[in-house]
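Working through the structure, step by step
What follows is the residue order along each chain.
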Amino acid sequence: MQVEFGLDVILNQAPQWKHEVLGLLTNQSATTKDGLPGREALLRHGFSLTQLFAPEHGLDTRGADGAPMPDGVDGLTGLPVKSLYLHSFAPDKQDLARLDRVLFDVPDVGVRFYTYLWSLTYLMEACAANGKPLVILDRPNPISGNLELAEGPMLEEANASFIGRWSIPIRHSCTLGELAGYFNDHFKLGVDLEVIPCKGWNRMSFQTQWGTAFVPPSPAIQRFETTLLYPGLCLLEATNVSEGRGTDDPFTKLGAPWLDAAALARRLFELEMDEVDMELVEFTPDSGKYAGMMCKGLQFSVHDRPHFQPVFWGCLVVKLIKELHPVEFTWEPYPTLANPSGTRHLNRLFGQTGSEEIFDLPMPLFLAKITRLTRVASWYSEIKKYLLY
């Protein structure tokens, strides 16, 4: 059975607000189940869209990671586009004054440090402050809604940023509609919130089981396979190891000119991390770390999706590289619009103060610490009231 997104569901309805003056936070990856851009589909079905808002990477999803995106005009619909990754992360009072209601439809990848979720939270606060109802057109979690696969750490408040404002796990196993309901209640945001659920989604399923094409949500996530590895390999952003940016396949490979990739592969094999296949590769990024330099590395693919724990695995990969290359390996800043200095990036990604020191622990203590941090058994009891599927 093909999954119907919240967008598809609402197109077949006639909500009482259909002809109100509407704004929409969206991007090019928000399509119908048949691949039609959502904003175009809404207009074709008579919804009174007058204003678009765009998150990081812009409406066309092509903007570089962390780069500010300008306002503009949508070439597809002719509607004005206000960037929410420029001067502010939220629409202001003037933006919302002429609207009766705001819609949200942006696909997610199920990971705390992916910024579309946090654009939603800023929108929720703005709608609450300006008395505007908010409608979320929900979408499934591509890496499944299996709460047994949720992985921490939970975010410590001291490490809050635009890649993690509030305390949830790194892999949260929820939809954005579910998280919005939780946030609205837990933080008493006071949003007049409506969530249009998907139809036909089994939360144990992965995107390849939905019966719909994978649409890249951002420049570095071009294939479904990437979403499986991203929660772990994104930690490499805070290091001098390439996470594959500047190649055709970011976050499915890693490398550096100095890396002993064969030794890393042997160590991973010895530790029986057998949910993932790997092969030795060489690649030359055209941008980012080591642009124009040949990197020796590993390419990964996940063959045991229902059991793979990418955050634990990613931590182990970083630890092994650090042990193999104590001189060459370094932690590095990662500048973005949201964090121009790029400092404390690992703390922000991992959500824990002193994250770098964890990787200095002897291996037995490191494994014990990471096991404890990534297990989030209490998350299900915290979120279950808000689950929609």
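For the structure, see preceding data.
Quick caveat, the model's predicted, so the values are computed rather than measured. Residue numbers here run from 1 along each chain, matching the order of that chain's written sequence. In keeping with the predicted nature of the model, local features appear solely for residues at pLDDT of at least 70, side-chain atom pairs appear and are counted solely at 80 or more, and the whole-chain, interface and lining totals rest on all residues. Hydrogens and waters are ignored; side-chain quantities use all the structure's heavy atoms.

1. Here we look at the sheet that holds strand E3 (residues 72-73)
Cut-off, in case you're wondering: Note on pairing: two strands pair once DSSP finds at least 2 bridges between them. Going along the chain from the N terminus, every DSSP run of H or I of four or more residues is numbered as a helix, and every run of E of two or more is numbered as a strand. When checking whether two residues touch, look at their non-hydrogen atoms; a contact exists if any pair is within 4.5 Å. Convention adopted: a line fitted to C-alpha atoms gives each axis, helices being fitted over their contacting stretch, and angles between N-to-C directions are expressed from 0 to 180 degrees.
Reading across from one edge, E3-E4-E2-E1-E5-E6-E7 is the order of the seven strands in this open sheet, with mixed pairing throughout. Either end of the sheet is taken by a strand with one partner, and the two such strands are E3 and strand E7 (193-196). Packing against the sheet, helix H5 (residues 176-186) makes contact with strand E5 (101-105), strand E6 (134-137) and E7, and its axis sits at approximately 160° to E7.

2. A look at the pairing of E5
Our working definition: Exposure categories follow from relative accessible area, calculated using a 1.4 Å probe and restricted to protein chains: below 20% of the type maximum is buried, above 50% is exposed, and the middle band is partly exposed. A clockwise course of the path from the first strand over the helix to the second, judged with the strands pointing away from the viewer, identifies a crossover as right-handed.
Taking burial as the measure, the five residues of E5 include five buried ones, the bulk of the element. Residues Arg-101, Leu-103 and Asp-105 line one face of E5 and the alternating positions Val-102 and Phe-104 line the opposite face, and both faces are buried. One ladder, built from five bridges, connects strand E1 (residues 22-26) with E5; its direction is parallel. Among the inter-strand pairings, Leu-25 is bridged to a residue of E5, identified as Phe-104. In terms of strand pairing, E5 meets E6 through three bridges, oriented parallel. Note that in E6 the partner of Val-102 across the bridge is Leu-134. In this view, the connection linking E5 to its parallel neighbour E6 by way of helix H4 (residues 116-130) has right-handed handedness.

3. Quick word on the packing of aromatic side chains
Our working definition: Only the six-membered ring of Trp is used, alongside the rings of Phe and Tyr, when aromatic pairs are assigned; centres must lie within 6.5 Å, and planes under 30 degrees apart are stacked while those over 60 apart are edge-to-face, with the rest tilted. Charge-over-ring contacts are defined here by two conditions on Lys NZ or Arg CZ: a distance within 6 Å of the ring centre and an angle within 35 degrees of the ring normal.
Evaluated as defined, the whole model comprises 25 aromatic pairs. Here Phe-300 and Trp-313 contribute two aromatic rings whose centre-to-centre distance is 4.9 Å and whose plane-to-plane angle is 90°, an arrangement assigned as edge-to-face. Of this pair, Phe-300 sits in strand E10 (residues 295-302) while Trp-313 sits in helix H8 (residues 310-324); the two residues are 13 residues apart in sequence, bridging distant segments of the chain. A single burial state applies to Phe-300 and to Trp-313, both of which are buried. These aromatic residues form a ring-pair network of at least three members: Trp-118, Trp-166, Tyr-182, Phe-183, Phe-187, Trp-379 and Tyr-386. The aromatic ring of Phe-5 is capped on one face by Arg-139, whose charged end is 4.4 Å from the ring centroid.

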